[in-house]
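Report on the structure
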Amino acid sequence: MKNILILFLLAIGPVVFAQQDWDELLDKYNKGSVPYITAQEAAAAWSTDDKVIFLDAREVEEFETSHLPQAIFVGYDDFDADELPSQTLEQADKIIVYCTVGVRSEDIGEILLKKGFQNVYNLKGGILSWKNADFIVYDRNGQPTGKVHVYGPDWGRWLTRGIPVHD
């Protein structure tokens, strides 16, 4: 029985501690103005509903290194909500905005909410939480990749599965 408990704690420990770390990190940088969705919730929604849209709020180099399935690149520094495919977004059941960890995506999510879009969510932990949950990311050629752009060297410590890449 003791061995089973130890195995259980080893299995869930990283998930529990990672969750606490995401909460602490995002509380430091975010206002909580855009509702969060976890990687597991986002993956479940995407796999069962074709009206889920992922918007990548990173820069082009980050997107080309790794992005979520069928993500639409919207960028951050040059983001322009007026250039978005409005009709597509209006018909979406969920618009999930993500970046590296969920900080820049909150800013883009706020803009979308102010523009009147509904069902906008911020991917908690961003692409790093997605990859840490062992979900597939894709490179510029649409091929699965183990590489994940981590924005900068300090952010790589948040990636527990995959190969961190930064400029």
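As the structure is a computational prediction, the values presented were derived from the model and not from experiment. (Residues numbered from 1 in each chain as written. Predicted model: local features only at pLDDT ≥ 70, side-chain atom pairs only at ≥ 80, totals over all residues. Heavy atoms only, no water.)

A look at the pairing of strand S5 (residues 120-123)
- Relative to S5, strand S1 (residues 36-37) runs parallel, the two sharing two bridges. Bridge pairing in S5 links Ile-37 to Leu-123.
- Examined bridge by bridge, strand S4 (residues 94-98) and S5 share three bridges and lie parallel to one another. Note on S5: the bridge partner recorded for Val-97 is Asn-122. (Pairing = 2+ DSSP bridges. Helix = DSSP H or I, 4+ residues; strand = E, 2+ residues; numbered from the N terminus.)

Comments concerning the nonpolar core
- Residues Phe-54, Leu-68, Leu-123, Leu-128 and Trp-130 are the most contacted members of the largest nonpolar core, which totals 25 residues.
- Where this core is concerned, the elements lending two or more residues are helix H1 (2-29), helix H2 (39-48), strand S2 (52-56), S4 and helix H6 (126-132).
- Here this core gets four residues from one element, more than from any other, and that element is H2.
- When sequence neighbours within four positions are dropped, the list of residues in contact with Leu-123 reads Ile-37, Thr-38, Ala-39, Ala-42, Leu-68, Ile-96, Val-97, Tyr-98, Val-101, Gly-102, Ser-129 and Trp-130.
- In terms of nonpolar packing, the next biggest core, distinct from the first, is built from 16 residues, Leu-55, Phe-79, Ile-95 and Phe-117 among them. (Core = buried A, V, L, I, M, F, W, Y, C linked by side-chain atoms within 4.5 Å. Buried < 20%, exposed > 50% of the residue type's maximum accessible area, 1.4 Å probe, protein only. Contact = heavy atoms within 4.5 Å.)

Thoughts on the pattern of salt bridges
- Counting across every chain of the model gives seven salt bridges.
- One salt bridge connects Asp-134 with Arg-161, and the closest N-O pair in it is separated by 3.9 Å. A residue pair is termed long-range when its members are at least 10 positions apart, and Asp-134 in the loop between H6 and strand S6 (137-138) and Arg-161 in the loop between strand S8 (147-149) and strand S9 (163-165) qualify at 27 residues.
- The partly exposed category is assigned to Arg-161, whose relative accessible area is 42%. (Salt bridge = Lys/Arg side-chain N within 4 Å of Asp/Glu carboxyl O.)

As for the confidence of the model for the chain
- Across the chain, the average pLDDT comes to 87, with 88% of residues at 70 or higher.
- A low-confidence stretch, residues 1-20 (pLDDT under 50), is modelled with one contact involving residues beyond four sequence positions or located in other chains. (pLDDT = per-residue confidence, 0-100.)

Topic: the side chain of Ser-66
- Tracing the backbone shows Ser-66 in the loop between helix H3 (60-65) and strand S3 (72-73).
- From its side chain, Ser-66 meets the backbone nitrogen of His-149 in a polar contact 3.1 Å long.
- Beyond its immediate chain neighbours, meaning those up to four positions away, Ser-66 contacts Asp-56, Arg-58, Ile-127, Val-137, Tyr-138, Thr-145, Lys-147, Val-148 and His-149. (Polar contact = N/O pair within 3.5 Å; in protein donor to acceptor, adjacent residues only side chain to side chain.)

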